Amino acid sequence: PATSLRPGPAPMARSADRVLGVVWHGAPAAADTTATLGWLDAGSLRERPGRRLPLGIHGAGWTVAPDQPLALFAGGGDSNDGRLLVVDPRRLRRLGTIRLPSRRWEWPYASSWLGRSRVLLAGSGVIEGPERDLSATVVTAVDPAARRVVAQRTLPGELLASGRLPDGLVLLLGPPEGIGPARLAVVDARGRVRTVSLPAFAAGWQEPADFGAPDASTRRGQP
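Here the structure is a predicted model, which means the values were calculated and not measured.

(A) View of the sheet that holds strand β10 (residues 119-128). Strand order in this open sheet of four strands is β9-β10-β11-β12, and the pairing throughout is antiparallel. Looking at which strands have only one partner, the edges of the open sheet turn out to be β9 (110-113) and β12 (148-156). Along the sheet, successive strands turn relative to each other by an average axial angle of 25°, direction set aside.

Structure follows, in structure tokens:
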């Protein structure tokens, strides 16, 4: 079967000649495609002999604690089943799972580890509009040690950029639909959110009324 390395937000571990990585096994987009976590050759990225941890469909994205042997793995797109795997990446051991309240989200683009008992995650989601789904940002606080969700909130608007704070996350949001004023959201360790409008910055995504028109184009506002 074909294998491919999926990059993540940061390397999980590496030494002079090897790196810890996620490898997918099976044909791309096939129903039986699964992922494993294991050591790869640092130069060729080929799998090295030794222990591997089966991840199943939970290899689309991950976040790794900066100072402890803990990592969270999740699926993405159609493989998102609303669960996070809690893993010890050094020992290649599965420690448990965290079931999230909602599956209407994609793997978080932003994460901040606030010790062993709190991780903040922010990713794209949707909210139901009168005619179609609208862009949203799902903010989740989880406790990996207790394997539970502390809080989850859905904020109207597209997640455009993010940054880590010593005690939380800062998020740049566009409007739920079209192009409009950007907003800045600050998330604390408990999952509480404060927002402020940035009217001087246009943000978002504007689709044409008719994609089939000769002059059809899309516009993107990305501060």
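(B) Local environment of the nonpolar core. With 14 residues, the main nonpolar core has V22, L37, L53, L55, F73, V87 and L92 as its most contacted residues. When residues of this core are traced back to their parent elements, those giving at least two are β2 (18-25), β3 (34-41), β4 (53-56), β6 (71-74) and β7 (83-88).

(C) Inspection of empty space enclosed by the protein at higher detail. Considering all chains together, one arrives at two cavities of 30 Å³ or more under this definition. Here the second largest cavity defines a volume of roughly 40 Å³. Contributing to the lining of the second largest cavity are V23, G38, W39, L40, E47, R48, P49, G50, R51 and R52. In terms of residue count, the dominant contributor to the lining of the second largest cavity is β3 (three residues).

What counts and what doesn't
- Residues numbered from 1 in each chain as written.
- Predicted model: local features only at pLDDT ≥ 70, side-chain atom pairs only at ≥ 80, totals over all residues.
- Heavy atoms only, no water.
- Pairing = 2+ DSSP bridges.
- Helix = DSSP H or I, 4+ residues; strand = E, 2+ residues; numbered from the N terminus.
- Axes fitted to C-alpha atoms, helices over the stretch in contact; angles between N-to-C directions.
- Core = buried A, V, L, I, M, F, W, Y, C linked by side-chain atoms within 4.5 Å.
- Buried < 20%, exposed > 50% of the residue type's maximum accessible area, 1.4 Å probe, protein only.
- 1 Å grid on protein atoms, 1.4 Å probe; cavity = no way out; pocket = protein on both sides within 12 Å on 5 of 7 lines; lining within 4 Å.
- Points joined across faces, edges and corners; volume = space filled by probe spheres on them.

In short, geometric facts, not functional conclusions.
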